[in-house]
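# Analysis of the macromolecular model
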Amino acid sequence: MQIKPILAAMRHHKAGTVLIALQIALTLAIVCNALFIIHQRMARMARPSGVEETNLFVIRSDWADKSDPQRIDVQMQADLIALRQLGSVQDAAPANSFPLHGTGWDNFIKLQPDQVKMTTDSAIYFSDDHTLATLGTHLIAGRNFTASEIGAQQPRDAMHSAQVIISKDLAQRLYPDGSALGKTIYVSMGNKPSTVIGVTDTLQAHMVGSWAGPYAYNAVLVPARLLNDYTYYLVRARPSQLAAALRDAPKALYAQSRMRIIDRKDGVMTFAQVRQHAYERDVGMAILMGIISVVLLAITAAGIVGLTSFWVGQRRKQIGVRRALGATRGDILNYFLTENLLIGIGGVLVGAVLAIGINLWMVTQFEMARLSLGYVVVGVIALLLLGQGAVLAPALRASHVSPVEATRSV
Amino acid sequence: MFAYYLQLGLRSLQRNPVLTALMVMAIGFGVAASMTTYSVFLATSSNPIPQKSSQLYAVQVDNWGPEDSDKGEPPDSLNYTDAMALMAAHRAPRQTALYPVGVSVVPDDQSQLPSPESTYATYGDAFAMFDVPFLHGSGWGAAEDDAHAAVAVISRVLNDKLFRGANSVGRQINLDGRNYRITGVMDSWDPQPLFFDAVNTSGFSDPVQIFIPFTRAVELKMATAGNNNCNRDPGLGWDAWLHSECIWIQYWAELPDRAQAVAYRQYLHGYAAEQQRAGRFRWAPNVRLSNVEQWMDHLKVVPPEAKISLLVALGFLLICLVNTVGLLLAKFMRRAPEIGVRRALGASRKTVYAQFLIEAATVGLAGGALGLLLTGVGVLCVGLVFDPQIARLATLDLSLIALTLLVAVLSTVLAAFYPTWRAAQVQPAWQLKSN
């Protein structure tokens, strides 16, 4: 295929050529970045929580009378007994927060009491001896809390737990050599030492914001009930009895005491709902970017079809002449495909630079990661194929122009 | 002539419906994507109290020092000690410390369950400062603040729910088992972003239902329902916490003119210097005074998703326009013979311009109509991407409808300039000769 005559012909319709190239360039730049945003959001959502999520649900109970801490503690223990006695419930535990919840309590973790800067930050989960079983999270080293180790405290009391269980990632962060079990760490500002008695498998923190990236899997389980204005109960239903447990558990709690508020709308949430809520924005953003990418590609393809059809119509006579002079249908088809490929290559070259430029700018503005070159390569190939596909129909029509056209005056 | 060109334009659009449909769809999608994301951006970046945003100032005093603060910025909230010192000094015409409290309304009817309501503890000045509208009664005064009085201001919604819309001023409301005398019922009031407590709400939350005196809330040892941050262990008990460096209070001052703002900043600086001399602050005074818009910027209340999607949508519109330029070019140039004949019969370039721009405008109008429809769908779907508190703010109102049509028509006419110019360049002689 000779390229020179194609380039010469392009000079006669510069505007159209530039418009198609520009459209391909802009589409590539935007679609690359949109796909990258989708990928990033999906990667976030695919992270494990470390919790066995099926059959798990959460109840939030607000104490309506803001009663004194001793009464709250008594009520919480009674509530837990009532929940665990339900036939549809396998286990239950009190909680101040839980993985993917979004809000909760995080503390600086230190290795020395007099340390000025923190070693790392971690979620604090107030727990009891049933917490690990309820979450379905396994220990990879050490032991669980015993019932006698579980205390109670108010939000403003200093944490005084002598024993803590920490997550695998936190253990790794504090003691990279893997020797965290049995070590002393400082999990509160009160500078009281806590001994690590157990290390769990992967366990996610409550924090889901992108700022919490480095701490996303740091968690400390503290053996105490938190006596706050409200509490959460984590409840694990027996297999295939989730629906029954969701119905029974709030009833059992109201039977214990009516001076509480369980919000009708979101007072009881399955863990699937918790997960959905945590990643709502990510799903939405991915869908939005997906729709925009698809519509953009469709519009670009339509634009190429439209302009190429116009060119074919404009050049019927020339095509007829070429056919009359011996060019085959394949030659004509090839001509238009090659022409589109040349314009496409010009477009994607500019587009690739633009895509990377936009990404670099977004990195400075929105704490985004760098675009990996794989996306640009995939985008380039996709747009070139799209161009070839779009030009196929008009090009085929061109190849069917009969040599007789050359003899017609119009 | 305009009507005639319009007629010509419509007829020409009918002549190649596929090309026309392509253009209308491109413009419709482009405009709809831009307008939907713009409505969210507008809602999140709007000024919640435009008439006073330059007179209300959020106060920051660095009580943590460079060691514990973020890049030298003072913390976003105040501790109790500093807030009380500023209240006592009373250097601004109006000022208030405030914090959210978790409060439930206990109904008289024992069979009804208590319901939690969004509540803030403030000083009496807050109502005049924030231009809170009243349906009945008014806020409380300094006397009630000083007396730690059990008074409350409730919202219209709550008044409708509890008192069936009757004037409830002077009646009692039971909050967490304690009675409060109602001094005022607010009319509908829902500033978004919730500027006075953007720290705890990230900017957006449901309307506030109840206000009670700050002094009363502290006397009853009501903890903040928002964030409490400590850099040191506050020690045991309420009093230790109250007098610790833990931060949890928002502080606002109303300063009607520049001179007073400058004077207040000097006062804050002086206060911090005094604390330094007294040995409480071991660092140079570090204070900030930010008006509402500066404060919204500082707290970054516009979610990054709103900015990113607006930018992507604008890029999308740009591509749709490039596409439209190409398609219009094809459409207009196909009619070169027709233009040639019109020019030969005496039409000036100017009339060719008028004819084709009007034709483009009709395309734009059709695209705008489609865009309006899609924007309506888009606004309904905003809840898929954004929190419900933000989604409820994005609405298709009259100004957005007008803007959608305007953007569609203007951008199409703009896109039509180059194709029209090319059409007007057609040489009559050339076209006539080839025929």
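Thresholds applied
- Residues numbered from 1 in each chain as written.
- Chains lettered and ligands numbered in written order.
- Predicted model: local features only at pLDDT ≥ 70, side-chain atom pairs only at ≥ 80, totals over all residues.
- Domains from an automatic or database assignment.
- Contact = placed C-beta atoms within 7 Å.
- Nonpolar A, V, L, I, M, F, W, Y, C, P; charged D, E, K, R; others polar.
- Core = buried A, V, L, I, M, F, W, Y, C linked by C-beta atoms within 7 Å.
- Buried ≥ 20, exposed ≤ 12 C-beta atoms within 10 Å, placed from the backbone.
- Helix = DSSP H or I, 4+ residues; strand = E, 2+ residues; numbered from the N terminus.
- pLDDT = per-residue confidence, 0-100.

## Regarding the domain arrangement of chain B
Residue and element names in this part refer to chain B. Taken domain by domain, chain B comprises domain 1 (2-47 + 303-434) and domain 2 (63-254). For domain 1 versus domain 2, the distance between C-alpha centres works out to 50 Å. The interface of domain 1 with domain 2 comprises four residues on the first partner and four residues on the second. Taken together, the residues that form the side of domain 1 that touches domain 2 break down as two nonpolar, one polar and one charged.

## Considerations on the nonpolar core
Formed by 239 residues in total, the largest nonpolar core has its most connected members in A:Leu28, A:Ile166, A:Val220, A:Leu234, A:Val235, B:Ala152 and B:Phe316. In terms of residue count, helix H13 (residues 304-334) of chain B provides more of this core than any other element does, 18 residues in total. If we skip the residues at most four places from it in the chain, A:Val220 touches A:Ser122, A:Ile124, A:Tyr125, A:Val164, A:Ile166, A:Leu170 and A:Val187.

## Side note on the interface of chain A and chain B
Taken together, the contacts link 41 residues of chain A with 43 residues of chain B. For the side of chain A that touches chain B, the elements supplying multiple residues, two or more each, are helix H2 (14-45) and helix H8 (280-314) of chain A. Partitioned by chemical class, the residues of the side of chain A that touches chain B number 25 nonpolar, nine polar and seven charged.

## Side note on the environment of B:Pro75
Residues and elements named next belong to chain B. Here Pro 75 is to be found in the loop between helix H3 (65-68) and strand S2 (78-79). The class for Pro 75 is partly exposed, based on 19 C-beta atoms found within 10 Å. Sequence-distant contacts of Pro 75, defined by excluding residues within four places in its chain, comprise Gln 60, Asp 62, Trp 64, Ser 69 and Ile 247.

## As for the confidence of the model for chain A
Residues at a pLDDT of 70 or more form 98% of chain A, whose mean pLDDT is 88. Averaged pLDDT values over the elements of chain A bottom out at 81 in helix H1 (residues 4-10) of chain A and peak at 95 in strand S2 (residues 89-95) of chain A.

## Looking at the domain arrangement of chain A
What the domain assignment reports for chain A is domain 1 (4-45 + 281-405) and domain 2 (65-258). For domain 1 of chain A and domain 2 of chain A, the distance between their C-alpha centroids amounts to 54 Å.

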